[in-house]
Amino acid sequence: MSWHWIALVPDGPPPKQPAGAATATTLDGTAAGTLAIWTSHAKPLRDARRVDGRLLDDAGAPAVVSLVRPPAGVRLKFDDGAVQQARRRILALGQPFDAVTTLMSDSSHFEGSLVVARGDDAVARLRDDPFARIFDAVLLRVGAGVLGTMPAPAGPCIERYGSAQPWPWDVYAA
Amino acid sequence: MPDLTPGARFPDLELPDHAGNVRRLSELVGGDPTVLQTYRGWWCPKEQAFLRERLVPFQEEVEVAYARIVSLSVDAPEVAAAFRAGVGARWTFLCDPERTAQTELNLRETTDTTNDPYVPAVFVLRPDLTIHTAYNGYWYWGRPTTDELARDLRDVTREIRDDWDAPTP
């Protein structure tokens, strides 16, 4: 399996034993819930979305993330010009983020994104998250034990949505 | 000495990219036809022209057509990153400042003893890294036009995609 489920669970422990989970807080320290990733084939809860499986690392270090989610009931096609341009902007970055994945529940719609950064300049870099130009982003500090580091997208491909793989998945399954 | 002619397998190089991350060529190629370009360096006006006039405009098509581009030079990562950003490229640039891969490939341009750059060349690779076409770009007009690259990528795509003929009901 090359994709997993992810959700930000606002209250209480995540259901159905995630493969990785960590508490999330806003930049001002307000509790935001638990960011959890499941490897099950079945969707663990209604708000979960598919992410690139390489995102999960149960030994991953704490990180700052930019979580972009559309308003309830809204979703854009990956063909949308705004989504295409955001992916091009990600590829054009000189300094890649630690991880990038789009969120999706089918094979053709963009339903948000998660961008991971670490280091002293993580917050500053994430404030320029290209996906945050599409929908509102929230910046969160996420504890250890869930988020890994993915190789930067090879580029220049932006076509990686037709096979139900969250972009930038850039290697075909064997 | 590797054979870099059509039909031979291109070595699966492992080098830092423009951001300093070690990347393997086969990882960058993934499952797609790939244009691998060796270039002299940011300072060469021919390389600037080839990138600005051919490869960078061509990436608009490559990025939606399940194909890849990879560039390779002796520039250090920070230099390659600046050059890549300056020309507007969105693909991966591999960096060989120690000239290890250049030696392995025997692609040193011996007529430039100041910079010891790569011989400019373009290889169109299949996903298994076998060479479909090789262009010698020492003289600028030896380099492929975008039409030639499109023909090569069409040939490789036709070879590797079982659904080249659109599936019928």
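Draft legend 1. Local environment of the overall build of chain A. Tallying secondary structure elements over chain A gives two helices and 10 strands in all. Expected size for 174 residues packed as a compact globule is a radius of gyration near 16 Å; at 15 Å, chain A falls within 12% of this value. Structurally, chain A occupies a C-alpha span of about 40 × 35 × 35 Å along its principal axes. Burial statistics for chain A: of 174 residues in total, 55% are counted as buried. By element, 51% of the accessible surface of chain A is carried by carbon and sulfur atoms, the whole surface being about 7,400 Å².

Draft legend 2. Geometry of the packing of helix α2 (residues 45-62) of chain B against helix α5 (residues 146-160) of chain B. All names here are of chain B. It is the contact of α2 with α5, at a shortest axis distance of 10 Å, that shows an interaxial angle of 40°. Comparing the axis directions of α2 and α5 gives the class oblique. Contacts between α2 and α5 pair R54, L55 and F58 from the former with T146, L149, A150 and L153 from the latter. Residue composition of the contact of α2 with α5, grouped by class: five nonpolar, one polar and one charged.

Draft legend 3. Fine view of the pairing of strand β4 (residues 68-73) of chain B. Residues and elements named next belong to chain B. The element β4 is largely enclosed, with a buried count of six among its six residues. What you see with β4 is no split at all: R68, V70 and L72 on one side and I69, S71 and S73 on the other are buried throughout. Where strand β3 (residues 34-38) lies against β4, five bridges are found, and the strand directions are parallel. Looking at β4, one finds that V35 is bridged to I69.

Draft legend 4. Representation of helix α1 (residues 81-92) of chain A within the structure. A rise of 1.5 Å per residue sets the reference length of α1 of chain A, with its 12 residues, at 16 Å; its end C-alpha atoms lie 16 Å apart and thus fit the reference within 8%. Considering only its buried residues, α1 of chain A is in contact with β6 (76-77), β7 (99-102) and β8 (109-110) of chain A together with α2 and α3 (77-87) of chain B. For α1 of chain A, the N-terminal capping position is held by D80 of chain A, with its side-chain oxygen 2.8 Å away from the main-chain nitrogen of A82 of chain A.

Draft legend 5. View of the packing of α2 of chain B against α3 of chain B. Residue and element names in this part refer to chain B. Direction vectors running N to C along α2 and α3 enclose 50°, while the axes themselves pass 10 Å from each other. The angle between α2 and α3 falls in the class oblique. As for how α2 packs across α3, the hand of that crossing is right-handed. For the pair formed by α2 and α3, the contact residues are Q48, L51, R52 and V56 on the first element and F83, G86 and V87 on the second. Among the residues forming the contact of α2 with α3, the class breakdown is four nonpolar, two polar and one charged.

Draft legend 6. Here's a closer look at the interface of chain A and chain B. Each partner contributes residues to the interface: chain A has 19 residues there, and chain B has 24 residues. Scanning the region where chain A abuts chain B turns up two salt bridges. E60 of chain B serves as the salt-bridge partner of R88 of chain A, at 3.9 Å between the closest nitrogen and oxygen. Summed over the shared surface of chain A and chain B, the result is six residue pairs in polar contact (both at pLDDT 80 or more). Classifying every residue of the side of chain A that touches chain B gives 13 nonpolar, two polar and four charged.

Draft legend 7. The sheet that holds strand β5 (residues 63-68) of chain A, seen in detail. Residue and element names in this part refer to chain A. As summarised here, the arrangement of the eight strands in space is β4-β1-β3-β2-β10-β5-β9-β7, forming an open sheet in which the pairing is antiparallel. Two strands lie at the open edges of the sheet, namely β4 (49-52) and β7, each paired on one side alone. Sheet twist, expressed as the average angle between the axes of neighbouring strands with direction ignored, equals 30°. Judged from the six bridges that link them, β5 and strand β10 (residues 137-142) form a sheet pairing that is antiparallel. For L67, the partnering residue across the bridge sits in β10 and is V138.

Draft legend 8. View of the pairing of strand β3 (residues 31-38) of chain A. Residues and elements named next belong to chain A. For β3, the tally of buried residues reaches seven of eight residues, placing the bulk of the element in the interior. With five bridges joining them, strand β1 (residues 3-9) and β3 adopt antiparallel strand pairing. Within the sheet, the bridge partner assigned to L8 lies in β3 and is L35. Relative to β3, strand β2 (residues 20-26) runs antiparallel, the two sharing six bridges.

Draft legend 9. Representation of unusual backbone geometry in the model. With an omega dihedral of -5°, the bond running from G155 of chain A to P156 of chain A counts as a cis peptide bond. In this model, W167 of chain A is joined to P168 of chain A through a cis peptide bond whose omega is 10°. Its place among the elements puts P168 of chain A in the segment after β10. Even without a glycine there, the phi angle at D116 of chain B is positive, about 45°.

Draft legend 10. Expanded view of the pattern of salt bridges. One pass over the full model with this rule turns up 22 salt bridges over all chains. Of the charged contacts in the structure, one is a salt bridge between E111 of chain A and R49 of chain A, with a shortest N-O distance of 3.0 Å. Of this pair, E111 of chain A sits in the loop between β8 and β9 (113-117) while R49 of chain A is found in strand β4, placing the two residues 62 residues apart along the sequence. For the residue pair E111 of chain A and R49 of chain A, the accessibility class agrees, reading buried in each case. Salt-bridge contacts for R88 of chain A lead to E63 of chain B; the nearest nitrogen and oxygen are separated by 2.3 Å. Of the two residues, R88 of chain A is situated in helix α1 and E63 of chain B in the loop between α2 and β4; the pairing between them involves two chains. Among the charged side chains, a salt-bridge network with shared partners connects R49, R75, D106 and E111 of chain A.

The rules behind these values
- Residue positions are given per chain, counted from 1 along the sequence in the order it is written.
- Lettering of chains starts at A and numbering of ligands starts at 1, both following the order in which they are written.
- Residue-level local features of this predicted model are given only where pLDDT is at least 70; pairs of side-chain atoms are given and counted only at 80 or more, and the full residue set underlies all totals for whole chains, interfaces and linings.
- Just so you know, side-chain values use all the structure's heavy atoms and leave hydrogens and water out.
- Numbering of helices and strands runs from the N terminus; a helix is a DSSP stretch of H or I covering at least four residues, while a strand is a stretch of E covering at least two.
- As a reference, a globule follows 2.2 Å times the number of residues to the power 0.38, and the radius of gyration itself is taken over C-alpha atoms.
- Burial status follows relative accessibility: with a 1.4 Å probe on protein chains alone, a residue under 20% of its type maximum counts as buried, one over 50% as exposed, and anything between as partly exposed.
- Using a 1.4 Å probe, accessible areas were evaluated by the Shrake-Rupley method; residue-level cover was limited to the displayed protein chains.
- To obtain each axis, a line is fitted to C-alpha atoms, and for helices this fit is confined to the stretch in contact; angles are then taken between N-to-C directions over 0 to 180 degrees.
- These descriptions rest on fixed angle ranges, namely under 35 degrees for roughly parallel, over 145 for roughly antiparallel, 65 to 115 for roughly perpendicular, and the rest for oblique.
- Pairs of residues are marked as contacts when any of their non-hydrogen atoms sit within 4.5 Å.
- Ten residue types, Ala, Val, Leu, Ile, Met, Phe, Trp, Tyr, Cys and Pro, are classed as nonpolar, four, Asp, Glu, Lys and Arg, as charged, and the remainder, Gly among them, as polar.
- When DSSP finds at least two bridges between two strands, those strands are taken to pair.
- Multiplying one less than the number of residues by 1.5 Å gives the expected span of a helix.
- N or O atoms closer than or at 3.5 Å make up a polar contact, with two conditions inside protein: a donor-capable atom paired with an acceptor-capable one, and, for residues adjacent in sequence, both atoms drawn from side chains.
- With the far helix as reference, a near helix turned anticlockwise by less than a right angle produces a left-handed crossing, and one turned clockwise produces a right-handed crossing.
- Each salt bridge in this description consists of a side-chain nitrogen of Lys or Arg and a carboxyl oxygen of Asp or Glu lying within 4 Å of one another.

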